[in-house]
Amino acid sequence: MKKTKLQILTNGIIRENPVLVLVLGTCPTLAISTQAINGLGMGVSVLVVLTCSNIMISALKRIIPDTVRIPCYIVVIASFVTMVQLALKAYLPSLDKALGVYIPLIVVNCIILGRAEAFASKNSVIDSMLDGIGMGIGYTLTATVMACIRELLGSGTIFGHTVTAGTITPFTIMVMAPGGFFVFGCLIALVNKLTKGKAREKQQNKCLGCPGAAFCSQKVEEGGAEE
Amino acid sequence: MSAATVFYIVLSAIITNNYVLSKFLGICPFLGVSKKLDSAMGMSIAVIFVMVIATAVTWPIQTYLLTPNGIGYMQTIIFILVIAALVQMIEIFLKKYIPGLHKSLGIYLPLITTNCAILGVCVLNIDNGYGFLQSMLNSFGSGVGFLLAMFLFAGVRSKIETNDYPEAFKGVASTLVAASITSLCFLGFSGMLEKIFGM
Amino acid sequence: MAERHTNLIVASAPHVVSPANTASIMRDVLIALIPALAVSVYVFGIRALMLSVCCVVFCVFFEWLSRRIMKRSNTIGDLSAAVTGLILAFNLPVRLPFWMAAVGCLIAIVVVKQLFGGLGQNFANPAIVGRITLFIGFASPMANWTITSRMSQAILSAAEVDATTGATPLALSAAGLPVPTNMEMFLGLINGSMGEISAAALLLGGIYLIVRKVISPAIPVSFLATVAVLSLVFGLDPIFQLCAGGVMLGAIFMATDYVTSPITTTGRIIFGIGCGVFTMLIRVYASYPEGVSFAILLMNILTPHIDRLTRHKTFKPAEGGASK
């Protein structure tokens, strides 16, 4: 079953949304989604790195030996992350400060390594680029929406513009750690509801995407049962 | 460095700045490997182990190699490669010389390369301008903090695993809400360590 | 997978079985809360009653609504939602806006209880989590204490100096100011959360519950004893520490929740001691003046581990097959 170009592009936005359906890249999403602008900034950074690394890895897929492919992917991804990091430092220093350590941590964001392994290493350059853009948009949308919800409830603003602040006392816990977990859980439940549980089946197999997590679900379960 | 400072650094990394529940690092294993206490503890011990060793290697690299040569921006690439190589070497070393430990920690090691808490602690030590000893203590504390979060959450999950959830909240969604409630109790300790150790 | 097991609720032990049984227990708890409510209305006036009723109504409404949305059997008859509402109300300052109280009820009933499958399946006490989220989320309205003429002279004179804060006894003590006498503390002629003020009324309710065998004395006694002993260790007045803040309400009504506390007596004693230790640590050292709710939540989270360690040997599963 071959997908059309459009399907590849839109796949990551809802049907296989990397955050809400594949449950990848949870750490940065939870951490930076306290302000809409940070969510958007992080989303675009991931979009850029993901698209570039997908193109590069797809182009190099015949050259990279299979046995050392993961380290090679990591080097490619880390290079693009460094570029984004330097660009942010130069042009958007305030955003760079707000995102802090989570920018270098894009390297270990399972979305990127996951797409490299699951898609870019098997598909053409154009398809990989579309996949990267689609997944990137899916990530950006999710991070931004989640950040908007938390910012609105927790500070009464959206993108720094006053919405309810001043009239309604903001519920500050929403911009703190428990609010992050809670809003994320609710968004996943919403996607479950909208997809009538289809999303959940993918969540159970979330490890499909992530090379590291492949051990998480299977080996660890076996290992735990062994003793 | 006084004993009070040592305790302060370690305890604040464990409690008030808990990596999982306040900094959101290492969420994947926190959600993925916390179902059983045995696996949760095995994973956590492996994380502490790798965190400390990774810091012991990356801190000198940054301080004596990258920064003096003006290539501090290579940090991300170098660190992740070092961590990946390190994890491989630890695995080979354990397999050969301490097979008992390898048997219990071995299966967790491959996951750790992509555990953002490891890279996170290495980068944060540099970003915060910590000295070597301070970095080591912070890494150890962060690892123990991860273990504490895993320990608490493994208990919670053992209790709620067989629950009859509403359709939409089955699976990851309810786990996240449980994590939200768990992270609440850590907020109560804010300011405590500063007062105890007079920081 | 798809069918709903509406009547097949798998709860962890202890099984607070049939609804009728739960309802009679909950009715006793409501009766036990009446003295504290009466003192609260005496000290704070009629709004205390209004806010309590408001919380009970909201909790029962959210319980009914969430069960309906989930297409499950109606459970408001077991009165547990009413109890949660009243206990949550007791944790609030009397002037808290009604809508904020409603947010607390929503979190307690929907997020903490129904989302995890309903009564018996929650791992944290609903009222505790409701209180903590309001306490952190609406920090200043939750610390907006009301002063009335029926309160201790120490509070009234402190309020004259600084009319805005209306500091509670714990805050006065932390600031080194004169505090109410122990008798005033015991009777509840002080400010604070609505239902927490009167140790005497709460103790009366507690004795009723113990006599009716609704709660076992293990948790309240070990909790209160630990607070008293640690007060002496820290050089504080134990009577004052026991009567101040939420210790009595927490020890008698919140820490004793069947679902979220250990099963065995040994486990309950460990649970009570843990609550006492963390309460005093937070009171003495943390930036929050009161730590009862955080301490109970932490012990709720530790309850599965306490149960695992104190379970009778005969019930212990074979090595390695811990859970699954």
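Cut-offs used in this document
Residues numbered from 1 in each chain as written. Chains lettered and ligands numbered in written order. Predicted model: local features only at pLDDT ≥ 70, side-chain atom pairs only at ≥ 80, totals over all residues. Helix = DSSP H or I, 4+ residues; strand = E, 2+ residues; numbered from the N terminus. Rg over C-alpha atoms; globule rule 2.2 N^0.38 Å. Buried ≥ 20, exposed ≤ 12 C-beta atoms within 10 Å, placed from the backbone. Contact = placed C-beta atoms within 7 Å. Core = buried A, V, L, I, M, F, W, Y, C linked by C-beta atoms within 7 Å. Nonpolar A, V, L, I, M, F, W, Y, C, P; charged D, E, K, R; others polar. Expected span 1.5 Å × (residues − 1). Axes fitted to C-alpha atoms, helices over the stretch in contact; angles between N-to-C directions. Left-handed = near helix turned anticlockwise from the far one by under 90°. Parallel < 35°, antiparallel > 145°, perpendicular 65-115°, else oblique. pLDDT = per-residue confidence, 0-100.

Account for the overall build of chain B, naming residues and giving values.
On a plain count of helices and strands, chain B comes out with 10 helices and 0 strands. Seen in sequence order, chain B has helices and strands lined up from the N terminus as α-α-α-α-α-α-α-α-α-α. Taken over C-alpha atoms, the radius of gyration comes to 18 Å for chain B, in line with the 16 Å a tight globule of 199 residues would show. Taken along the three principal axes of its C-alpha coordinates, chain B extends 60 × 45 × 30 Å. For chain B, with 199 residues in total, the buried portion stands at 57%. For chain B, long-range pairs separated by at least 24 residues make up 78% of all intrachain contacts whose partners lie at least 6 apart in sequence.

Report on the overall build of chain A, specifying residues and quantitative values.
Helix and strand content of chain A: 10 helices and 2 strands. Overall, chain A shows an N-to-C arrangement of helices and strands of α-α-α-α-α-α-α-β-β-α-α-α. By residue count, 54% of the 227 residues in chain A fall in the buried class. For chain A, restricting intrachain contacts to residue pairs at least 6 apart in sequence, the fraction spanning at least 24 positions comes to 74%.

Break down the nonpolar core for me, with residues and values.
Of all hydrophobic cores here, the largest spans 236 residues; its most connected members are Ile77(A), Leu119(B), Cys55(C), Cys59(C) and Leu297(C). At 11 residues, helix 9 (residues 172-187) of chain B tops the list of elements feeding residues into this core. Apart from residues lying up to four places away in sequence, Ile77(A) is in contact with Val49(A), Ser53(A), Val107(A), Ile112(A) and Leu113(A).

So what's going on with the interface of chain C and chain B? Residues and values would help.
At the interface, 33 residues of chain C touch 30 residues of chain B. Counting residues per element, the side of chain C that touches chain B draws most heavily on helix 14 (residues 292-310) of chain C, which supplies 7 residues. Across the side of chain C that touches chain B, the residue classes tally to 24 nonpolar, 9 polar and no charged.

How would you sum up unusual backbone geometry? Please name residues and give values.
With a phi angle near 60°, Phe24(B) is a residue other than glycine that sits in the positive phi range. Looking at the secondary structure, you find Phe24(B) in the loop between helix 1 (3-14) and helix 2 (27-32). Located in the positive-phi region is Leu79(C), a residue other than glycine, with phi close to 65°. Along the polypeptide, Leu79(C) turns up in the loop between helix 2 (46-69) and helix 3 (80-90). Residue Leu79(C) is classed as buried on the basis of its 22 C-beta neighbours within 10 Å.

Give a description of the interface of chain A and chain B that names residues and reports values.
Taken residue by residue, the interface counts 46 residues in chain A and 44 residues in chain B. Those elements that provide at least two residues to the side of chain A that touches chain B are helix 2 (26-32), helix 4 (69-91), helix 6 (110-120), helix 8 (177-194), helix 9 (198-204) and helix 10 (213-226) of chain A. Sort the elements by how many residues they give to the side of chain A that touches chain B and helix 8 of chain A lands first, with 11 residues. Partitioned by chemical class, the residues of the side of chain A that touches chain B number 28 nonpolar, 14 polar and 4 charged.

Outline helix 8 (residues 132-160) of chain B, supporting the account with residue identities and numerical values.
An ideal rise of 1.5 Å per residue puts 42 Å on 29 residues; helix 8 of chain B measures up with 42 Å between its terminal C-alpha atoms. The buried count for helix 8 of chain B comes to 21 of 29 residues, which makes it a mostly enclosed element.

Residues and numbers for the packing of helix 10 (residues 218-233) of chain C against helix 13 (residues 265-285) of chain C, please.
Residues and elements named next belong to chain C. In the contact formed by helix 10 and helix 13, the axes pass within 7 Å of each other and the chain directions differ by 35°. Where helix 10 crosses over helix 13, the two elements pack in a sense that is right-handed. Contact residues: helix 10 offers Ala218, Ile219, Val221, Ser222, Phe223, Thr226, Val227 and Leu230, while helix 13 offers Thr265, Arg268, Ile269, Phe271, Gly272, Ile273, Cys275, Gly276, Val277, Thr279 and Met280. Partitioning the contact of helix 10 with helix 13 into residue classes produces 12 nonpolar, 6 polar and 1 charged.

Explain the packing of helix 3 (residues 37-66) of chain B against helix 7 (residues 116-127) of chain B residue by residue, including any values.
Residue and element names in this part refer to chain B. Their axes nearest at 9 Å, the elements helix 3 and helix 7 cross at an angle of 40°. Between helix 3 and helix 7, the angle falls in the class oblique. Along this stretch, helix 3 crosses helix 7, giving a crossing that reads as right-handed. Two secondary-structure elements touch here, helix 3 through Val47, Val50, Met51, Ala54, Thr55, Thr58, Trp59 and Gln62 and helix 7 through Ala117, Ile118, Val121, Cys122, Asn125 and Ile126. Among the residues forming the contact of helix 3 with helix 7, the class breakdown is 10 nonpolar, 4 polar and no charged.

Just give me the short version of the environment of Phe240(C), but keep the residues and values in it.
Residue and element names in this part refer to chain C. Structurally, phenylalanine 240 is set in helix 11 (residues 238-243). A count of 18 C-beta atoms within 10 Å places phenylalanine 240 in the partly exposed class. Taking the C-alpha atoms as reference points, phenylalanine 240 and alanine 228, 12 residues apart in sequence, are found 9.3 Å from one another. Here phenylalanine 240 is in contact with Ser173, Val179, Asn182 and Met185, once residues within four sequence places are set aside.

Provide a residue-level description of helix 2 of chain C, including the pertinent values.
All names here are of chain C. With 24 residues, helix 2 ought to run about 34 Å at 1.5 Å a step, and its terminal C-alpha atoms sit 34 Å apart, in line with that. Residues Ala48, Leu51, Ser52, Cys54, Cys55, Val56, Phe58, Cys59, Val60, Phe62, Glu63 and Ser66 constitute the buried set of helix 2. Among the residues trailing helix 2, lysine 71 stands out with phi positive, at a value near 55°.

With reference to specific residues and values, describe the confidence of the model for chain B.
Residues and elements named next belong to chain B. On average, chain B scores 87 in pLDDT, and the residues at 70 or more come to 99%. Per-element mean pLDDT across chain B ranges from 74 in helix 6 (residues 109-112) up to 93 in helix 8. In the model output, the complex is listed with pTM 0.89 alongside ipTM 0.90.

Describe the environment of Asn17(B), with residues and values.
All names here are of chain B. As for its placement among the helices and strands, asparagine 17 is situated in the loop between helix 1 and helix 2. Sequence-wise, asparagine 17 and tyrosine 165 are 148 residues apart; in three dimensions their C-alpha atoms are separated by 31 Å. Other than its neighbours up to four places away in sequence, asparagine 17 contacts Ser12, Ser22 and Lys23.

Tell me about the confidence of the model for chain A, residues and numbers included.
This prediction gives chain A a mean pLDDT of 82; 85% of its residues lie at or above 70. For residues 205-227 of chain A, every residue scores under 50 in pLDDT, and the model assigns this stretch 49 contacts once sequence neighbours within four places are set aside.

Account for the environment of Ile155(C), with residues named and values stated.
Residue and element names in this part refer to chain C. By the secondary structure assignment, isoleucine 155 is in helix 6 (residues 153-161). For the pair isoleucine 155 and asparagine 191, spaced 36 residues apart in sequence, the C-alpha to C-alpha distance is 7.7 Å. Ignoring sequence-local partners within four residues, the contact set of isoleucine 155 consists of Ile147, Pro180, Ile190 and Asn191.

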